[in-house]
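Inside the fold
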Amino acid sequence: MKKEIGEGRRKLEEELKALTGNLFVPEAKVFEMTCGCVGFTSDLRGLQSDDVEVFKDRINALLEEISKSVGVEPEFVYARKLPGSEEVVTLTARELCERCKREFAGSKAPPRPDIMVLKKKKR
Amino acid sequence: MQLIIPHPGHFSALKEIIETKEAEGLKEVEEVYMAGSPEVMGSGRATLHAALIEDIKEQTAYAHQHHVKMNVVLNASCLGGYHLTFEGYKMFEWYFNELNKAGVDGVTVAEPYLIELLRDLPMETVISCVAHVDSPQRAEFFEALGADAITVDTNINRNFKVLEAILRAVNCGIRVIVNEGCLYKCPFRYSHFNLFSHITTFRASFSNARAQPLNTFGDYYFDKCISIRVRDPSQIIRSPWIRPEDMREYEAIGIEDFKISGRANTVNWILNGMQAYSSRAYEGNLLDLLDCPAELKDMFFIDNADLAGAIKQWKGCKKICEECRYCDELTSKVVGEIKK
């Protein structure tokens, strides 16, 4: 698992750099939440929401590939912006618990204004 | 009964809130509220969206088409004195005028000076709970400054004598927040509002617009607040939330306006609360409805039905927990730990 997370972080940084220019992925991790969600998430510095919109398909594919490599089914893929700004600070692929399927991924609108939904598995 | 609904700020969220209101015939939904621009002022709570005037104008027009009022929340507890500079005065005056031109129905503020600035505008001036109106005397001060409505300090939500005294003392509207799950008499309340007021504005320093944003190492107050309740769940029961079923007790004394808190939550979380409070009933974990201790709903289960009747005790509560212990006993009966 250590190897896959490290490779995932490097791959994400390299590919995003190639797409958008200078950026930095200081941290990548696999997490489990008390509600039952599990996921892969990466912190980012230098990525902006316009980049995510333009390269949405490629970013999605990257996140899907990396999350599968660490054993996470990428049911819900999203970018989180710094509230009130266009700076994207995390990219996450998450396997959702039943409650978060309703609460976090169940609305037609993005769940929160700082979340950009990149992929939502149809229920 | 009128319900005031939190709006996270993005237009698609407003559309979904209004669609749900109309599809389910929730006629009690009267108003939505959203944060204003962080470029102008911070806010007492987490703010996830930076609404431009044009955005607010468009959303207000949409809300009006659907007979819903729009309120913009600018309830920073601390402005660092900027409002009392000529530059600050001009900016806030300009912003309030722009909101007025955008068709906004009301503005929620906590700072007394801003209430006076709003006096000459037709928008409703609503006093935030961040102003801590907890007595008839304080309510009178704010009404004299220009309040059209006051959202009372949640610490008095279960003090019916004080609520009734406030209702007698002022002519302006009185609002209660129904689902704030904050600690009763929280020692962090002022500091936490102040922290949010500063970190939710783009201007980290009011005197230096180009200053770097604060780089805090974490939200000390939030982490402490959750930890306190994990160690002592009776603090969840003592929190001054109001069950959907208990709103009738408030209507009986003359309170008609009920505000749901939680504008930093997800759209579906907001819809769930809107439906529960509109129908005055909820089946399930009360913690699903409460704003603030969202993490706790993964640890504790409180069957809302088990709390039926507790309001009778709380209405006459003397707030001397050491002598009473009602909430401690109730906690042992109704708060269950979720086993995983």
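Here goes a summary of the coordinates provided. In this text the structure is predicted, and so the values were computed from the model without any measurement. (Residues numbered from 1 in each chain as written. Chains lettered and ligands numbered in written order. Predicted model: local features only at pLDDT ≥ 70, side-chain atom pairs only at ≥ 80, totals over all residues. Heavy atoms only, no water.)

We now examine the nonpolar core. F92(B), F96(B), L99(B) and I150(B) are the most contacted members of the largest nonpolar core, which has 81 residues in total. In this structure I150(B) touches I127(B), V133(B), A139(B), F142(B), C172(B), G173(B), I174(B) and R175(B), once residues within four positions along its chain are discounted. Among the nonpolar cores identified, the runner-up in size contains 23 residues, and L16(A), V72(A), V77(A) and V88(A) belong to it. (Core = buried A, V, L, I, M, F, W, Y, C linked by side-chain atoms within 4.5 Å. Buried < 20%, exposed > 50% of the residue type's maximum accessible area, 1.4 Å probe, protein only. Contact = heavy atoms within 4.5 Å.)

A few words on the pairing of strand 3 (residues 76-81) of chain A. All names here are of chain A. The element strand 3 is largely enclosed, with a buried count of five among its six residues. Direction of pairing for strand 3 relative to strand 4 (residues 87-95): antiparallel, over a ladder of six bridges. Within strand 4, the position partnered with K81 by the bridge is V88. Connecting strand 3 to the antiparallel partner strand 4 that follows it, the hairpin turn spans five residues, and G84 within it adopts a positive phi of roughly 80 degrees. Note that strand 3 and strand 5 (residues 115-120) share five bridges and pair antiparallel. (Helix = DSSP H or I, 4+ residues; strand = E, 2+ residues; numbered from the N terminus. Pairing = 2+ DSSP bridges.)

Moving on, we get to the packing of aromatic side chains. Between two aromatic rings, the relevant description is the distance of the centres plus the angle of the planes. Tallied over the entire structure, the rule returns 13 aromatic pairs over all chains. With 5.4 Å between their ring centres and 80 degrees between their planes, F11(B) and Y62(B) make a pair best called edge-to-face. One end of the pair, F11(B), is in helix 1 (residues 11-23); the other, Y62(B), is in helix 2 (residues 53-65), and 51 residues separate them in sequence. Judged on exposure class, the residue F11(B) and its partner Y62(B) are both buried. Ring plane angle 50 degrees and centroid distance 4.7 Å describe the contact between F160(B) and Y250(B), whose orientation is recorded as tilted. Of this pair, F160(B) sits in helix 6 (residues 160-169) while Y250(B) is found in helix 10 (residues 247-252), placing the two residues 90 residues apart along the sequence. Looking at Y250(B), the relative accessible area reads 0%, which means it is buried. Ring pairing ties together the aromatic residues F76(A), Y78(A) and F104(A), which thus form one cluster. Stacked on the ring of F11(B), the Lys or Arg K15(B) has its end atom at 4.5 Å from the ring centre. (Phe/Tyr/Trp six-rings, centres within 6.5 Å; stacked < 30°, edge-to-face > 60°. Lys NZ or Arg CZ within 6 Å of the ring centre and 35° of its normal.)

Another aspect to go through is the sheet that holds strand 5 of chain A. Residues and elements named next belong to chain A. Strand order in the open sheet formed by five strands is 1-2-4-3-5, and the pairing between neighbours is antiparallel. Of all the strands in the sheet, just strand 1 (24-32) and strand 5 have a single pairing partner and so form its edges. Shown here is a sheet whose adjacent strand axes are inclined to one another by a mean of 15 degrees, direction ignored. Running over the sheet, helix 1 (residues 2-20) touches strand 1, strand 2 (38-48) and strand 4 and is turned about 135 degrees from strand 1. Along the sheet, helix 3 (residues 56-69) contacts strand 2, strand 3, strand 4 and strand 5; its crossing angle with strand 5, the most-contacted strand, is approximately 70 degrees. (Axes fitted to C-alpha atoms, helices over the stretch in contact; angles between N-to-C directions.)

So, about the pairing of strand 5 (residues 124-127) of chain B. All names here are of chain B. Two strands pair when backbone bridges link them, and strand 4 (residues 106-109) and strand 5 are joined in this way by four bridges, in the parallel orientation. The residue bridging V109 from the neighbouring strand is I127, located in strand 5. Each parallel crossover has a hand, and for strand 4 linked through helix 4 (residues 112-117) to strand 5 it is right-handed. In this structure, strand 5 lies alongside strand 6 (residues 149-151), joined through two bridges in parallel fashion. (Right-handed = clockwise from strand over helix to strand, strands pointing away.)

Across a sheet, paired strands are connected by hydrogen bonds in the backbone, their directions being either parallel or antiparallel. Residues and elements named next belong to chain B. Taking strand neighbours around the barrel as the criterion, the eight strands line up as 1-2-3-4-5-6-7-8 in a closed arrangement whose pairing is parallel. This sheet shows a mean twist of 25 degrees between the axes of neighbouring strands, independent of strand direction. Packed onto the sheet, helix 1 meets strand 1 (2-6), strand 2 (29-35) and strand 3 (69-74) and runs at close to 170 degrees relative to strand 2.

Before going further, it helps to examine the interface of chain A and chain B. Many authors give the size of an interface as the accessible area that is lost as the parts come together. In this assembly, 17 residues from chain A lie in contact with 20 residues from chain B. Each partner contributes to the roughly 1600 Å² buried at the junction of chain A and chain B, and carbon and sulfur atoms together form 54% of this total. Where chain A touches chain B, the interface holds three salt bridges. As a salt-bridge pair, R99(A) and D298(B) come within 2.7 Å of each other at their nearest N and O atoms. Classifying every residue of the side of chain A that touches chain B by side-chain character gives seven nonpolar, four polar and six charged. (Buried area = accessible area lost by both parts, 1.4 Å probe. Salt bridge = Lys/Arg side-chain N within 4 Å of Asp/Glu carboxyl O. Nonpolar A, V, L, I, M, F, W, Y, C, P; charged D, E, K, R; others polar.)

Moving on to the layout of surface pockets. Reported here for the second largest pocket is a volume of approximately 260 Å³. For the second largest pocket, the lining is made up of 18 residues, of which K81(A), E86(A), P113(A), M116(A) and H49(B) are closest to its centre. When contributions to the lining of the second largest pocket are tallied by element, the ones reaching two or more residues are helix 2 (49-54) and strand 5 of chain A. Across the lining of the second largest pocket, the residue classes tally to eight nonpolar, six polar and four charged. (1 Å grid on protein atoms, 1.4 Å probe; cavity = no way out; pocket = protein on both sides within 12 Å on 5 of 7 lines; lining within 4 Å. Points joined across faces, edges and corners; volume = space filled by probe spheres on them.)

To continue, consider the environment of E54(B). Residues and elements named next belong to chain B. Tracing the sequence through the fold places E54 in helix 2. With a relative accessible area of 55%, E54 lands in the exposed category. C-alpha separation for the pair E54 and T331, spaced 277 residues apart in sequence, amounts to 48 Å.

Our next topic: the pattern of salt bridges. In this structure the tally under the stated criterion is 28 salt bridges over all chains. The partner of K29(A) in a salt bridge is D43(A), and the shortest N-O contact between them spans 3.7 Å. In this pair, K29(A) sits in strand 1 while D43(A) sits in strand 2, placing the two residues 14 residues apart along the sequence. A salt bridge links E180(B) to R189(B), with the shortest nitrogen-to-oxygen separation between them at 3.1 Å. For R189(B), a relative accessible area of 6% corresponds to the buried category. Three or more residues joined by partner-sharing salt bridges are found here, namely K11(A), E15(A), R58(A) and E65(A).

Residue and element names in this part refer to chain A. Axis separation between helix 1 and helix 3 bottoms out at 9 Å; the angle between their running directions is 170 degrees. Comparing their axes, helix 3 and helix 1 come out roughly antiparallel. For the pair helix 1 and helix 3, the contacting residues are E4, G8, K11, L12, E15, L16 and L19 in the first and R58, I59, L62, L63, E65, I66 and S69 in the second. Among the residues making up the contact of helix 1 with helix 3, the classes are represented as seven nonpolar, two polar and five charged. (Parallel < 35°, antiparallel > 145°, perpendicular 65-115°, else oblique.)

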